[in-house]
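What follows is each chain in one-letter form.
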Amino acid sequence: MVKIFSIVSSLIFIHFGYFLAEILIKLDLTKKVTIRLDAKNVTTITPMYFFVVAWFAIIWGVLLLSFFLFGKGA
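In short, a report on the structure. These numbers come from a predicted model, not from an experiment. (Residues numbered from 1 in each chain as written. Predicted model: local features only at pLDDT ≥ 70, side-chain atom pairs only at ≥ 80, totals over all residues. Heavy atoms only, no water.)

## Structural notes on the environment of Leu64
Within the fold, Leu64 resides in helix α2 (residues 47-70). With 28 residues separating them along the chain, Leu64 and Arg36 place their C-alpha atoms 37 Å apart. (Helix = DSSP H or I, 4+ residues; strand = E, 2+ residues; numbered from the N terminus.)

Given below as structure tokens:
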């Protein structure tokens, strides 16, 4: 059961990271998203934050895939 979870979640993480990075490459990386609340700037999000998320998802997916391939069965 753990191996099935690891292969499914690894494929989800790898595909999510890949498609997020693919979308960000096509977008303009100089634009910023500013979240405003009550006429105050709460935070500004740049697309590079999403690249960090994409790389994290890809690395996490590869780690889960390596657990599936080389981990000991239950």
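## A short note on the side chain of Ser6
By the secondary structure assignment, Ser6 is in helix α1 (residues 2-26). We classify Ser6 as buried; its relative accessible area is 1%. In this structure Ser6 touches Leu64, Phe67 and Phe68, once residues within four positions along its chain are discounted. (Buried < 20%, exposed > 50% of the residue type's maximum accessible area, 1.4 Å probe, protein only. Contact = heavy atoms within 4.5 Å.)

## Describing the side chain of Ser10
Checked against the element boundaries, Ser10 lands in helix α1. Ignoring any residue separated from it by four or fewer positions in sequence, one finds Ser10 in contact with Gly61, Leu64 and Leu65.

## Regarding the packing of aromatic side chains
Tallied over the full model, the rule gives 2 aromatic pairs. Their ring planes at 65 degrees and their centres at 5.3 Å tell us that Tyr18 and Phe19 sit as a pair that is edge-to-face. Owing to a relative accessible area of 46%, Tyr18 belongs among the partly exposed residues under this scheme. Residue Phe19 is classed as partly exposed on the basis of its relative accessible area of 42%. (Phe/Tyr/Trp six-rings, centres within 6.5 Å; stacked < 30°, edge-to-face > 60°.)

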